[in-house]
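Working through the structure, step by step
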Amino acid sequence: MTYQEILEAARGKMGRCKACPVCNGLACKNAIPGPGSKGSGTVAARNYQKWQELRLNMDTIGAGGAADTRCTLFGQEMAMPVFAAPVGAPDVHFGEAYNDLSYNDLLVSACAAWGIAAFTGDGVNPRIMESAAEVLGRPGNRGIPTIKPWDMDTVHERLELVKKADPFAVAMDIDAAGLPFLKNRTPPAGSKTVEELRQIAAWAERPFILKGIMTAAGARKALEAGAAAIVVSNHGGRVLDGCPATAEVLPEIAAEVKGKLTILVDGGIRSGLDVFRALALGADGVLIGRPFVPMIYGGGAEGVQVLVEKLRAELEDAMVMCGAHSLAEIRPDMVRRP
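We now turn to the structure provided with this report. Bear in mind the structure is a predicted one, so any value in this text is a computation, not a measurement. (Residues numbered from 1 in each chain as written. Predicted model: local features only at pLDDT ≥ 70, side-chain atom pairs only at ≥ 80, totals over all residues. Heavy atoms only, no water.)

1. Section: the overall build of the chain
Helix and strand counts for the chain stand at 11 helices and 12 strands. Seen through its C-alpha atoms, the chain measures out along the principal axes to roughly 60 × 45 × 45 Å. Burial statistics for the chain: of 338 residues in total, 57% are counted as buried. Roughly 13600 Å² of accessible area belongs to the chain as shown, and the carbon and sulfur atoms make up 52% of that amount. (Helix = DSSP H or I, 4+ residues; strand = E, 2+ residues; numbered from the N terminus. Buried < 20%, exposed > 50% of the residue type's maximum accessible area, 1.4 Å probe, protein only. Areas by Shrake-Rupley, 256 points an atom, 1.4 Å probe, with all protein chains shown as cover.)

Following this line, the structure appears as structure tokens:
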């Protein structure tokens, strides 16, 4: 199947998601439940648009040859610096064909087969994390379990559960503090102090990734807490209306902590060109969430393969046309800011 054929197959199966030709956040806007963003519904669309405003500086005077998109992140050799982002409650937001368990089961194995890795999600139902641990622990699979910022006892319990799968890293989406199902819990869940995060990082016993960093100050606190990596993320616009796009804050965050920890970014990244733009602004890798969903609903494992191949081809093309033949050669001056 082609990319377009998979999108066509996904349409009509995904509830409020229309499997648009370009997932730019406009058609779904503030559809929650659904794939939209909070309040005015403008943040997901802004995430997408700010990457498009970065124009690529073409330069084909230089050595020829193919571009090498391979990299090593968290000790893992990867075909390109792309991870599938965690997607929670797909049956609620996208359609009943998949739930957390079946979506993660397919996504993790398909991503591993095509040279990248997936983040898995978390939820109120403990079976979600149990299933993620089971999937991640299978031979040949690899990925990063993502734990919500529950109370400390629950965090510890879930960490101990997923550590049995021996993942190469674990993550916490600290921005999930804004999700309704985490609010008003007893014991309280949500925001964590630097000291609490330092304890969680110690419990992890492997690289600890903090997802949901949107300021240089937040990046400094993540570093102080012992995080090995951060994800510059506004949770796809789903937790705070009116916040900036990730592309807008990435340069200042990179200026603060580049080289001190691994910098990942998500939010509105839809193509290999966007991956190139993110790397030029200082990221070491990216997470892509929503675009994987219609690929799975419309094409299953083949859909993941098609999207991965599309992203890699686009990244290779951008690198060659801008004069970068390895990821290390991608520089800030290869993109033009508005």
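2. Digging into empty space enclosed by the protein
Summed over the entire model, instances satisfying the criterion amount to 1 cavity of 30 Å³ or more. The space that makes up the largest cavity amounts to roughly 40 Å³. Lining the largest cavity are Cys23, Asn24, Gly25, Ala44, Asn47, Gly236, Gly267, Gly268, Arg270 and Arg290. A per-class count over the lining of the largest cavity returns 2 nonpolar, 6 polar and 2 charged. (1 Å grid on protein atoms, 1.4 Å probe; cavity = no way out; pocket = protein on both sides within 12 Å on 5 of 7 lines; lining within 4 Å. Points joined across faces, edges and corners; volume = space filled by probe spheres on them. Nonpolar A, V, L, I, M, F, W, Y, C, P; charged D, E, K, R; others polar.)

3. Some remarks on the state of the cysteines
Under the defined criterion, the tally for this structure stands at 0 disulfides. This cysteine, Cys28, is not joined by any disulfide, and Cys23 carries the nearest cysteine sulfur, 6.3 Å off. Left without a disulfide partner, Cys322 is nearest to the cysteine sulfur of Cys71, which lies 19 Å away. A relative accessible area of 6% means that Cys322 is categorised as buried. (Disulfide = S-S within 2.5 Å.)

4. Examining the pairing of strand E11 (residues 285-288)
Both faces of E11 are covered, namely the face carrying Gly285 and Leu287 and the face carrying Val286 and Ile288. Looking at chain direction, strand E4 (residues 82-84) and E11 are connected through 3 bridges and run parallel. Opposite Phe83, over in E11, you have Leu287 as the bridge partner. Taken together, the 2 bridges between strand E10 (residues 262-265) and E11 define a ladder with parallel strand orientation. Residue pairing across strands places Leu264 opposite Gly285, the latter belonging to E11. (Pairing = 2+ DSSP bridges.)

5. Focus on the nonpolar core
In this structure, Phe83, Phe208 and Phe292 are the most contacted members of the largest nonpolar core, which totals 110 residues. In terms of residue count, the dominant contributor to this core is helix H11 (residues 292-322) (14 residues). (Core = buried A, V, L, I, M, F, W, Y, C linked by side-chain atoms within 4.5 Å.)

6. Focus on the layout of surface pockets
Here the largest pocket defines a volume of roughly 820 Å³. If you go around the largest pocket, you meet 40 residues; those closest to its centre are Gly88, His93, Leu179, His235 and Arg238. Of the residues that constitute the lining of the largest pocket, the class distribution is 17 nonpolar, 12 polar and 11 charged. Considered as a void within the structure, the second largest pocket measures approximately 500 Å³ in volume. Ile174, Asp175, Gly212, Ile213 and Met214 are, among the 22 residues lining the second largest pocket, the residues nearest its centre.

7. What about the pattern of salt bridges?
In a structure, side chains of opposite charge can pair up when their charged atoms sit close to one another. With the rule as written, the count across this model stands at 21 salt bridges. The closest approach of N and O atoms between Asp68 and Arg70, which form a salt bridge, is 2.9 Å. Classification of Asp68 by relative accessible area gives partly exposed; the value is 30%. The partner of Glu256 in a salt bridge is Arg220, with the nearest N and O atoms 3.3 Å apart. Taken together, the positions of Glu256 in helix H9 (residues 246-257) and Arg220 in helix H8 (residues 216-224) put the pair 36 residues apart, joining distant regions of the chain. We classify Glu256 as partly exposed; its relative accessible area is 27%. Beyond isolated ion pairs, a larger network of salt bridges with shared partners links Asp105, Arg127, Glu130, Glu134 and Arg138. (Salt bridge = Lys/Arg side-chain N within 4 Å of Asp/Glu carboxyl O.)

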